[in-house]
Amino acid sequence: MPATQNLRLSVQNMSCASCVGRVERTLLAIPGVEEVNVNLAAETALIRLGSSAVIPDVVEALERAGYPARTRSIRLNVSSMSCASCVGRVGQALAAVSGVLNVNVNLATETAKVTVAEGVVELSDLLKAAADAGYPAQSADDSVIEDRSTRKESEAREFAKRTAFAAAIALPVFLLEMGAHIVPGMHELIGRAIGHQTSWMIQFVLTTIVLAWPGRHFYTAGFPALLKGAPDMNSLVAMGTGAAYLYSIVALFAPSLLPDGTRAVYFEAAAVIVVLILLGRWMEARAKGRTGAAIQKLMGLQARTARALVDGEPQDVPIERIRTGDILVVRPGERIAVDGEVTQGSAHVDESMITGEPVPASKVPGDPVTGGTVNGAGSFQFRATRVGAETTLAQIIRMVEEAQGAKLPIQGMVDRITLWFVPAVMALAAFTVLVWMVVGPSPALSYALVAGVSVLIIACPCAMGLATPTSIMVGTGRAAEMGVLFRKGDALQQLTGVDVVALDKTGTVTEGRPELTDLVLADGFEHGEVLALVAAVEARSEHPIAEAIVRAGRAEGSVSQDVQGFESITGYGVRARVAGREILVGADRLMTREGLSVGALADAETRLAVSGRTALYVAVDGLVAAVIGVADPVKPASRAAVAALHNLGLKVAMITGDKRETAEVIARETGIDHVIAGVLPDGKVEALDELRGAKMRIAFVGDGINDAPALAHADVGIAIGTGTDVAIESADVVLMSGDLRGVVNAFEISDRTMRNIRQNLFWAFGYNVALIPLAAGALFPVFGLMLSPVLAAGAMALSSIFVLTNALRLRWVRPAMDESNLIDSGVERAVPATLVVAEYGGKVQ
């Protein structure tokens, strides 16, 4: 087992914020568990395990605490087993997969039944383990694994059935009891027709049915939790309805035990409370299913089968059987199964689900393709390079799931309150009963019961527990649909506190695909010779500017030359030997470091920089031979995005290794406020500290390997998704689009989500602060009004429904910037200038 492991479990029986606290305490008590993050809305626990912790211990601890982890069984057909030893080896291989709880291998049927922790183990993990052990396997289940949305739909249907049954049984109880108080003459009618004693008996029988079947979960879960000293929402409901029910039984069967004037039944309160809470649970289950809609959309993009070449013939195979290196065939209109590289044919692929760009991308041999994207016209073959959990789409889904399960700093306040909330409510209910018994009017016992039950029912902390996680789930899911992936959930809150947005230049503000525009020569050097030497050296470099020079060399027919001793000098340039000649290519600081005089070319370099070109010197055998001008076009969205950030009240800065003159041109063109130029890669962290100044919070946006330290150092690191894996892994937020529109959208969804969370928390806490005193009878001394337990149950259910419905509004948040924002943005896509070649004689032509 690795030193640390992140484990995501689906946890059952959590109904309120108190349950969340108990699950966290249970897990943190397990040796080796380093961190726990429980999400009520997603019904998950994200656990970081140290090397000493094992998953079965975690599952067992949850089971003992009354919050079992969901498990599922996977049946496999296993090949190549011939004896009992094979059975043992298959069992050991499958049991070694992290998250497997139990394995049962049957030699006679050549099958294996594997019990796994749901959400931890995928079918592909088991198939790989069996194959690696020498026993190829395939799924024996035809059905698709039930996902969370399907489970919530099933749960909602079950609650709907229980609610309908309970309502049908409780309706006669309600009419018999409340009708006698509301409808004139009905009390006498019931007395003459069946008698009040018979009426109470009917209510007793029907209420017992409601509590024993549709409402039994409140008692089977609530009382054990109470006995363990860890009461939850179920405990409050169980105590409230149980008190009303037992009091009514005493009034019906042993009235002599009650003081005179207090004989009354509250069967209708117990029955209707159960109906209303079940109704709330049903609506919650439906709403919770919708909170995961974004994940479902992403999972819907995954292909189920692929057309692979097997012995040269195309065959449809399950996606789980695709391995790295397999050759797959894609026909027009088909969804690409996994990530890969085109080997044959050409096509136009719709990559909008990854990049957000509506125009299909052309694909020819050598180009990458991404699983989940859709082929348009044309057919092609590609080699699988990343499969299973390694594909881009799988990583996106994982990032969204982790962000949805995150706990924001604001949640800490909620957790601290809910730790003592339920015990405090129970104590308050007991105090309420005592006060009514001492100072209440006759019949004091009846008033005390009504008030105590109302306090217990109305104060269920469901809304508190749902307030934050539901908004996070819906907000991060909607963000993913907009191309904004929150790798770290707390970035959702941190973005709202950012004061300055610092941008890398190349590949972030600009296209990152420079073009060679100028080649100014010193006396005694020829254009073709210098370009060929520089192109040969730069062919060994992966820098975008190097690619521009190589493309220009190829365009002019430069012949490939032997390069020796290539050395990349970070922040300065490159050095190599070409055809026996010593070549240096880099910024002026490289020439200074090597003690070379740039001479008259200094003026040309300054003019290139002022005009917005990136200027590089070329030295051949110790003599400065030329200065090269390279232009990197500004992305069309950059100017509009910077203006949008200004409208949000943010300052925008740019950090670049380029010369100040070049950077200033870009800044003027895009409206950037502040420029820090000439920065070496390791200096970007210092530049951020400079910008941070007097406690300013910084978001840094970059895409390159050299941006990784700055992304990690910033308060919020935002990586352009078209950048390098290193940059993405260092970031808090990943933008799938290749421009700055995603930055604006990230701020927009962050602001909207945090506003939504604050609304939910205001409602959840305000509801309890306002209604608990009313439930306790605060209005009775002045107005003579008591809050019925039935109304209390309705209000409690309404509070949770309000929170969930409010969170679901985030599904309809529109991007702050999309394609329409590029119209009249004021930025034209730069067109590389015609290559200017000059021999320097005091004038650049």
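One can find the structure itself at the top, above this paragraph.
All values reported here derive from a predicted model rather than from experimental measurement.

(A) Region of interest: unusual backbone geometry. In this model, Ser442 is joined to Pro443 through a cis peptide bond whose omega is -5°. Position of Pro443 among the secondary structure elements: in the loop between helix 14 (409-439) and helix 15 (444-458). For Asp311, which is not glycine, the phi torsion reads 55° and is therefore positive. Tracing the backbone shows Asp311 in the loop between strand 8 (305-310) and strand 9 (313-318). In this structure, Asp621 is a non-glycine residue whose phi angle is positive, near 50°. Topologically, Asp621 is positioned in the loop between strand 23 (614-620) and strand 24 (623-631).

(B) Representation of the sheet that holds strand 11 (residues 339-345) within the structure. With antiparallel pairing, 6 strands are arranged side by side in an open sheet as 9-8-10-16-11-14. Single-partner strands in this sheet number two, and they are strand 9 and strand 14 (368-369). When strand 11 meets strand 16 (residues 380-386), the two strands line up antiparallel, connected through 6 bridges. Across the sheet, Glu341 pairs through a bridge with Arg383, a residue of strand 16.

(C) Main features of the environment of Ala778. Mapped onto the fold, Ala778 is located in the loop between helix 28 (741-776) and helix 29 (780-783). Along the backbone, Ala778 and Ala451 are 327 residues apart, and their C-alpha atoms lie at a distance of 9.8 Å.

(D) Geometry of empty space enclosed by the protein. The tally for this structure, following the rule as stated, stands at 2 cavities of 30 Å³ or more. Computed from the structure, the second largest cavity encloses a volume of approximately 40 Å³. Around the second largest cavity, the lining residues are Met233, Leu276, Ile277, Gly280, Arg281, Glu284, Cys462, Met796, Ala797 and Ser800. At the level of secondary structure, the elements contributing two or more residues to the lining of the second largest cavity comprise helix 10 (267-291) and helix 30 (789-808). Counting residues per element, the lining of the second largest cavity draws most heavily on helix 10, at 5 residues. Split by residue class, the lining of the second largest cavity holds 6 nonpolar, 2 polar and 2 charged.

(E) How the structure looks around the sheet that holds strand 3 (residues 44-50). Overall, antiparallel pairing links the 3 strands, which are arranged 1-3-2 in an open sheet. The sheet is open, and its two borders are formed by strand 1 (4-10) and strand 2 (33-39), each paired with just one other strand. Going from strand to strand, the sheet's axes swing by 15° on average, the running direction of each strand aside. Pairing analysis gives 6 bridges linking strand 2 to strand 3, with the strands arranged antiparallel. Counterpart to Asn39 in the pairing with strand 3 is Thr44.

(F) Quick look at the packing of helix 16 (residues 462-481) against helix 30. Relative to each other, helix 16 and helix 30 sit at 15°, their axes nearing to 8 Å. Here helix 16 lies roughly parallel to helix 30, going by the angle between them. Crossing of helix 16 over helix 30 shows right-handed handedness. Contact residues: Cys462, Ala463, Leu466, Ala467, Thr470, Ser471 and Val474 in helix 16; Met796, Ser799, Ser800, Val803, Leu804, Ala807 and Leu808 in helix 30. For the contact of helix 16 with helix 30, the residue count by class is 10 nonpolar, 4 polar and no charged.

(G) Inspection of the side chain of Thr207 at higher detail. Positionally, Thr207 belongs in helix 7 (residues 196-212). On the accessibility criterion, Thr207 (0% relative accessible area) is buried. Filtering out sequence-adjacent residues up to four positions away, Thr207 remains in contact with Val173, Tyr245, Phe267, Ala270 and Ala271.

(H) Region of interest: the pairing of strand 16. Here strand 10 (residues 327-330) runs beside strand 16; their pairing, made up of 4 bridges, is antiparallel. Paired with Val329 across the bridge in strand 16 is Gln381.

Conventions used here
Residues numbered from 1 in each chain as written. Predicted model: local features only at pLDDT ≥ 70, side-chain atom pairs only at ≥ 80, totals over all residues. Heavy atoms only, no water. Helix = DSSP H or I, 4+ residues; strand = E, 2+ residues; numbered from the N terminus. Pairing = 2+ DSSP bridges. 1 Å grid on protein atoms, 1.4 Å probe; cavity = no way out; pocket = protein on both sides within 12 Å on 5 of 7 lines; lining within 4 Å. Points joined across faces, edges and corners; volume = space filled by probe spheres on them. Nonpolar A, V, L, I, M, F, W, Y, C, P; charged D, E, K, R; others polar. Axes fitted to C-alpha atoms, helices over the stretch in contact; angles between N-to-C directions. Parallel < 35°, antiparallel > 145°, perpendicular 65-115°, else oblique. Left-handed = near helix turned anticlockwise from the far one by under 90°. Contact = heavy atoms within 4.5 Å. Buried < 20%, exposed > 50% of the residue type's maximum accessible area, 1.4 Å probe, protein only.

The analysis is restricted to geometry; functional conclusions fall outside its scope.
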